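So you can see what is in the structure, the chains are spelled out below.
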Amino acid sequence: MSISVDTPTFIAFFVLAVATIAAGLGVIAFKNAVHSALSLILTLLFLALFYLQLGAMFIAIVQVLIYAGAIMVLFLFVVTMLASEDTGDVTEPARQPWQRGIAATLGFLLIAGLSYLLFTGASIDSAAVVQPTNVNGLAAGIAAYGGNTEAFGMALFHGFSFPFEITSLLIVVALLGAMVLGRKS
Amino acid sequence: MHELPISWYLIVSALLFSIGVVGVLVRRNPLTIFMSIELMLNAVNLSFITFSRYLNSVDGQMFVFLVLTVAAAEVVVGLAIIVSIFRTRRNINVDEMNILRG
């Protein structure tokens, strides 16, 4: 498949990719847990921009509101309550001195394996999956419903209504679990 | 105007996932480990959205929506567990946690 990508899309992708990976590395590299959480918020915002680039408007907004908003506020709240200063995680030596080396080795093995699969095994670009799509591929597919959010809602309440109902049960269980765990016994 | 190849997005997703795995393996603060898990969930979400785009289907976005709710529930329960561990032990280093009893 011959690729001729126009320059703005290309530049946007690379800037976003580098920023996302850098912010993701920040999550595991910062000593202070608050800095890790802020770096994670940055990663989530960059991922929301990725979703916008891929035409998933509703998910991008939900990502910003729920993930970068609600979930990370909860995270920051607990982090500032428990581990606002350096907990010795990075600076103090580990109980297992080989922990970091083995983790790095396993991480590189994972990256190598995934890249190998991406470049050789699946050959996703050509054969099985992708028809060459135009820029409004998804939008053209969902034009019958009048937009991304409308198509999403139609799919959610028709094809996926049972998982949607199960989700409410899951949230109630999580709520009760958090209340039970947070109770002073 | 042509699309970017699908594998580029998947490579970004794979890199983010690997960063999350390394974070879980390296760090000993359970809060940072939790953030690394969130990173992995989001890497998977990125590949869901990518496939949703390239398969012209809205189903991938649906999965992301469900992953998001499950992640929210997981964060609520997990953070409650961490807080209650901190209450009993005054210490949240995972190296020290080797008993289930409170």
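In this text the structure is predicted, and so the values were computed from the model without any measurement.

## Let's talk about the overall build of chain B
Turning to step 1, where the next piece is worked out: For chain B, the helix and strand inventory stands at three helices and zero strands.
Turning to step 2, where the next piece is worked out: Helices (α) and strands (β) of chain B occur, in sequence order from the N terminus, as α-α-α.
Turning to step 3, where the next piece is worked out: Over its C-alpha trace chain B gives a radius of gyration of 17 Å, far above what one expects of a compact globule, namely 13 Å for 102 residues.
Turning to step 4, where the next piece is worked out: By principal-axis analysis of the C-alpha atoms, chain B measures approximately 60 × 25 × 20 Å.
Turning to step 5, where the next piece is worked out: Relative to its full complement of 102 residues, chain B shows a buried share of 52%.
Turning to step 6, where the next piece is worked out: Within chain B, contacts between residues separated by at least 24 positions form 43% of all contacts whose residues are at least 6 apart in sequence.

## Section: the overall build of chain A
Turning to step 1, where the next piece is worked out: In terms of regular secondary structure, chain A is built from seven helices and zero strands.
Turning to step 2, where the next piece is worked out: When the helices and strands of chain A are listed from N to C terminus, the series reads α-α-α-α-α-α-α.
Turning to step 3, where the next piece is worked out: Out of the 185 residues belonging to chain A, those deemed buried represent 23%.
Turning to step 4, where the next piece is worked out: Considering only residue pairs separated by 6 or more positions, chain A has 53% of its internal contacts joining residues 24 or more positions apart.

## Let's talk about the confidence of the model for chain B
Residue and element names in this part refer to chain B.
Turning to step 1, where the next piece is worked out: The share of residues in chain B with pLDDT of 70 or more is 95%, and the mean pLDDT across the chain is 86.
Turning to step 2, where the next piece is worked out: At the low end of the mean pLDDT range in chain B sits helix H3 (residues 59–89), at 89; at the high end sits helix H2 (residues 30–54), at 92.
Turning to step 3, where the next piece is worked out: Confidence metrics for the complex model read pTM 0.85 and ipTM 0.91.

## Some thoughts on the interface of chain B and chain A
Turning to step 1, where the next piece is worked out: Facing the 65 residues of chain B at the interface are 75 residues of chain A.
Turning to step 2, where the next piece is worked out: Looking at the side of chain B that touches chain A, the elements with two or more residues in it are helix H1 (6–26), H2 and H3 of chain B.
Turning to step 3, where the next piece is worked out: Of all the elements, H3 of chain B adds the most residues to the side of chain B that touches chain A, at 22 residues.

## Description of the packing of helix H3 (residues 57–82) of chain A against H2 of chain B
Turning to step 1, where the next piece is worked out: Their axes nearest at 11 Å, the elements H3 of chain A and H2 of chain B cross at an angle of 175 degrees. Viewed along their axes, H3 of chain A and H2 of chain B adopt a mutual orientation that is roughly antiparallel. Residues Ile-59, Phe-75, Val-78, Val-79 and Leu-82 of chain A of H3 of chain A form the contact with H2 of chain B, whose own contacting residues are Leu-31, Met-35 and Ile-49 of chain B.
Turning to step 2, where the next piece is worked out: Residue composition of the contact of H3 of chain A with H2 of chain B, grouped by class: eight nonpolar, no polar and no charged.

## A short note on H1 of chain B
Turning to step 1, where the next piece is worked out: When the terminal C-alpha atoms of H1 of chain B are compared, their 31 Å separation across 21 residues agrees well with the 30 Å that a helix rising 1.5 Å per residue should span.
Turning to step 2, where the next piece is worked out: Of all the 21 residues making up H1 of chain B, 16 are buried; the element is thus mostly covered by neighbouring parts of the structure.

## Side note on the packing of helix H1 (residues 7–29) of chain A against helix H2 (residues 33–53) of chain A
Helix packing for two helices is described by the angle between their axes and how far apart those axes are.
Residue and element names in this part refer to chain A.
Turning to step 1, where the next piece is worked out: Where H1 meets H2, the closest approach of the two axes is 8 Å, and the angle between their N-to-C directions is 155 degrees. The pairing of H1 with H2 is recorded here as roughly antiparallel in orientation. Seen from above, H1 lies across H2 with left-handed handedness. In this structure, H1 uses Ala-12, Leu-16, Ala-19, Thr-20, Ala-23, Gly-24, Gly-26 and Val-27 to contact H2, whose residues at the interface are Ser-36, Ser-39, Leu-40, Leu-42, Thr-43, Phe-46, Leu-47, Leu-49, Phe-50 and Gln-53.
Turning to step 2, where the next piece is worked out: Of the residues in the contact of H1 with H2, the class split is eleven nonpolar, seven polar and no charged.

## Regarding the environment of Tyr-67 of chain A
Turning to step 1, where the next piece is worked out: Mapped onto the elements of the fold, Tyr-67 of chain A is located in helix H3.
Turning to step 2, where the next piece is worked out: Looking at Tyr-67 of chain A, the number of C-beta atoms within 10 Å reads 25, which means it is buried.
Turning to step 3, where the next piece is worked out: It is 25 Å that separates the C-alpha atoms of Tyr-67 of chain A and His-158 of chain A, two residues lying 91 residues apart in sequence.
Turning to step 4, where the next piece is worked out: Ignoring anything within four residues of it in the chain, the contact list for Tyr-67 of chain A reads Leu-44 and Met-72 of chain A together with Leu-68 of chain B.

## Re the environment of Ala-104 of chain A
All names here are of chain A.
Turning to step 1, where the next piece is worked out: With respect to the helices and strands, the residue Ala-104 is situated in helix H4 (residues 99–121).
Turning to step 2, where the next piece is worked out: Look at Ala-104 and you get partly exposed, because 13 C-beta atoms sit within 10 Å.
Turning to step 3, where the next piece is worked out: Measuring from C-alpha to C-alpha, the distance between Ala-104 and Gly-55 comes to 35 Å, with 49 residues separating the pair along the chain.

Here is what the cut-offs are and how they apply
- Every chain begins its residue count from 1, and numbering advances along the sequence as written.
- Ligands are numbered from 1 and chains lettered from A, in the order in which they are written.
- In keeping with the model being predicted, local features are shown solely for residues with a pLDDT of at least 70 and side-chain atom pairs are shown and tallied solely at 80 or more, while totals for entire chains, interfaces and linings include all residues.
- Put simply, DSSP marks the helices as runs of H or I at least four residues long and the strands as runs of E at least two long, and each gets a number from the N terminus on.
- Note that the radius of gyration is over C-alpha atoms, with the globule rule given as 2.2 Å times the number of residues to the power 0.38.
- Using C-beta atoms placed from the backbone, we call a residue buried if 20 or more other C-beta atoms fall within 10 Å of its own, exposed if 12 or fewer do, and partly exposed for counts in between.
- In this description, any two residues whose backbone-derived C-beta atoms lie within 7 Å of each other are considered to be in contact.
- As a per-residue quantity, pLDDT reports the predictor's confidence and falls between 0 and 100.
- Interaxial angles span 0 to 180 degrees and are taken between N-to-C directions of axes, which are lines fitted to C-alpha atoms, for helices over the stretch in contact.
- Roughly parallel means an angle under 35 degrees; roughly antiparallel means over 145; roughly perpendicular covers 65 to 115; every other angle is labelled oblique.
- Think of it as three bins: nonpolar holds Ala, Val, Leu, Ile, Met, Phe, Trp, Tyr, Cys and Pro, charged holds Asp, Glu, Lys and Arg, and polar takes everything else, Gly as well.
- To estimate how far a helix should reach, multiply one less than its number of residues by 1.5 Å.
- Take the far helix as your reference; a near helix turned counterclockwise from it by less than a right angle gives a left-handed crossing, and one turned clockwise gives a right-handed crossing.

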